[in-house]
Structure formats: structure tokens, C-alpha cells
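Listed below are the residues making up each chain.
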Amino acid sequence: MNTLIRNNDHSLQNIQGTLVFVVPTYAWRIPRIVEEWIRLTAFKDVEEVYFVMDCGGNIGNAGYYNRKLCEKKGFNYRGTMEIIMPENYLAMFDTPEDEEAKKTIKQAVPVIKQAVSYIHQHLPFPGMSLQLKDKFQSSIVNTVFYPLFCESRCFL
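Residues numbered from 1 in each chain as written. Predicted model: local features only at pLDDT ≥ 70, side-chain atom pairs only at ≥ 80, totals over all residues. Heavy atoms only, no water.

Some remarks on the side chain of T41
For step 1, the next point in the chain: Considering the arrangement of structural elements, one finds T41 in the loop between helix 2 (32–40) and strand 2 (43–55).
For step 2, the next point in the chain: A distance of 2.6 Å separates a polar side-chain atom of T41 from the backbone oxygen of W37.
For step 3, the next point in the chain: Excluding residues within four positions of it along the chain, T41 makes contact with D9, H10, S11, Q13 and K73. (Helix = DSSP H or I, 4+ residues; strand = E, 2+ residues; numbered from the N terminus. Polar contact = N/O pair within 3.5 Å; in protein donor to acceptor, adjacent residues only side chain to side chain. Contact = heavy atoms within 4.5 Å.)

Dropping the structure here:
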């Protein structure tokens, strides 16, 4: 996907089955550059779509926006899985010490295995328990925060 985004390539993608987007969380949603690429790219033979998002704290209400994107594309949305990883957003947070980072990664392994299991069995990811702050972060805060603090150069 990075190469396609980098080359501004929106040519037809023949998937033939399950499509899994594994992306970082930018301001409690998928990166806008990824969302735009998905929106502008044609896909053929996609049977189901999953999103796996890594984050330093939480993904907010990203699943809502992923589902809406899938509805616009005509995809069978199967859910969004949150994978907590060591914080790496240096603009606002300190990175964890090595031991804390290793502990976080170790705790993520069973969640990753669970996500893989759901995908292999073609089961929807379980829904996430949401709070009002999650909806607030992925909507209003995202609108203000994203253009000020998020950078998409890693995709370009």
C-alpha cells in the first residue's frame, strides 16, 4: 500500500477475498492519506475488510469511521482491532524506557494472535466499548489536532 500511495497509484486492486488494512493511528483514526487512497482506489473481488490499528493509547472511535468508509466502498466491514504498542509520538509524549516498551509489546502479542484468529475464521472482530471521550477524540479533536500535529511523510 505504501508504494501505491507513494506513486499516487489508484489502479484496480484485484484482492479475491479478505482485505486487511494494518495502519497506525493518527489522531484516533486511520491516516487521512490512507483513507484517501482507499476512497480513490478501485477494488475487485473483496469479500470482507478488516482494520488492524496500532496505537500508543487508544484508537478512540476509529471503527465508526472505518465502517463508514467501507459502506461508501461497498465493502463488507468486519471490524477494527486496536493493538496497543509503545508510544512513539514524540511531538507530545515521551517514549517508554526499554523494559516498559518490551512489556507493552509482550502484552500485544495475544491481541495480535486473536486478530489473526478472527480473520482466519472469517469472524467479525468484537465490538469495542466506547466512551464519550472516544467519540470526541475521533471527531472534533481529530479535526483540530490532525492538521496541526500529524505527518504523513512516512507514506510518501
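Considering the sheet that holds strand 3 (residues 77–84)
For step 1, the next point in the chain: Reading across from one edge, 1-2-3 is the order of the 3 strands in this open sheet, with parallel pairing throughout. Looking along the sheet, the strands with just one partner apiece sit at the ends: strand 1 (13–24) and strand 3. Across the sheet, the mean angle separating the axes of adjacent strands is 20° when strand polarity is ignored.
For step 2, the next point in the chain: As paired strands, strand 2 and strand 3 are joined by 6 bridges and run parallel to one another. Bridge pairing in strand 3 places M53 opposite E82.
For step 3, the next point in the chain: Sheet contacts for helix 2: strand 1 and strand 2; angle to strand 1, the most-contacted strand, approximately 165°.
For step 4, the next point in the chain: Contacts from helix 3 (residues 62–73) reach strand 2 and strand 3 within the one sheet, and its direction differs from that of strand 2 by about 165°. (Pairing = 2+ DSSP bridges. Axes fitted to C-alpha atoms, helices over the stretch in contact; angles between N-to-C directions.)

Focus on the nonpolar core
For step 1, the next point in the chain: Counting residues in hydrophobic clusters, the biggest one holds 20 residues, and the most contacted among them are F21, I30, I38, F43, V49, F51 and F75.
For step 2, the next point in the chain: At the level of secondary structure, the elements contributing two or more residues to this core comprise strand 1, helix 2, strand 2 and helix 3.
For step 3, the next point in the chain: Residue contributions to this core peak at 6 residues, all from strand 2.
For step 4, the next point in the chain: Judged by nonpolar contacts, the second largest core, of 9 residues, contains Y50, I83, A108 and F125. (Core = buried A, V, L, I, M, F, W, Y, C linked by side-chain atoms within 4.5 Å. Buried < 20%, exposed > 50% of the residue type's maximum accessible area, 1.4 Å probe, protein only.)

Considering a negative patch on the surface
For step 1, the next point in the chain: A cluster of like negative charges, contributed by E97, D98, E99 and E100, occupies part of the molecular surface.
For step 2, the next point in the chain: Structurally, E100 is set in helix 4 (residues 98–120). (Patch = residues over 30% accessible without salt bridge, like charges linked within 9 Å, V, L, I, M, F, W, Y side chains within 5 Å. Areas by Shrake-Rupley, 256 points an atom, 1.4 Å probe, with all protein chains shown as cover. Salt bridge = Lys/Arg side-chain N within 4 Å of Asp/Glu carboxyl O. Lys, Arg positive; Asp, Glu negative; His and termini not counted. Charge placed at Lys NZ, Arg CZ, Asp CG, Glu CD.)

Here we look at the layout of surface pockets
For step 1, the next point in the chain: What the second largest pocket holds in volume is close to 220 Å³.
For step 2, the next point in the chain: If you list the elements that add at least two residues to the lining of the second largest pocket, you get helix 3 and strand 3.
For step 3, the next point in the chain: Residues belonging to the lining of the second largest pocket are distributed by class as follows: 8 nonpolar, 6 polar and 2 charged. (1 Å grid on protein atoms, 1.4 Å probe; cavity = no way out; pocket = protein on both sides within 12 Å on 5 of 7 lines; lining within 4 Å. Points joined across faces, edges and corners; volume = space filled by probe spheres on them. Nonpolar A, V, L, I, M, F, W, Y, C, P; charged D, E, K, R; others polar.)

Focus: helix 3
Residue pairs spaced three or four apart in an α-helix point in one direction, given the helix's 3.6 residues per turn.
For step 1, the next point in the chain: Counted at 1.5 Å a residue, the expected span for helix 3 with its 12 residues is 16 Å, and the 17 Å between its end C-alpha atoms agrees.
For step 2, the next point in the chain: Every buried residue belonging to helix 3 is among A62, G63, N66, L69 and C70, and all of these are buried. On an axial view of helix 3, the arc spanned by its buried residues comes to 120°, and they lie on one face. (Expected span 1.5 Å × (residues − 1). Arc of directions from axis to C-beta.)

Observations concerning the packing of aromatic side chains
For step 1, the next point in the chain: Inspection of the entire model under this criterion finds 8 aromatic pairs.
For step 2, the next point in the chain: A centroid spacing of 4.9 Å and a plane angle of 85° characterise the contact between Y64 and Y65, whose relative ring orientation is edge-to-face.
For step 3, the next point in the chain: Through pairs of rings, three or more aromatic residues link up here, namely F21, W37, F43, F51, F75 and Y77.
For step 4, the next point in the chain: Its end group placed over the ring of Y65, R29 keeps NZ or CZ at 3.7 Å from the ring centre. (Phe/Tyr/Trp six-rings, centres within 6.5 Å; stacked < 30°, edge-to-face > 60°. Lys NZ or Arg CZ within 6 Å of the ring centre and 35° of its normal.)

Keep in mind these numbers describe shape, not what the thing actually does.
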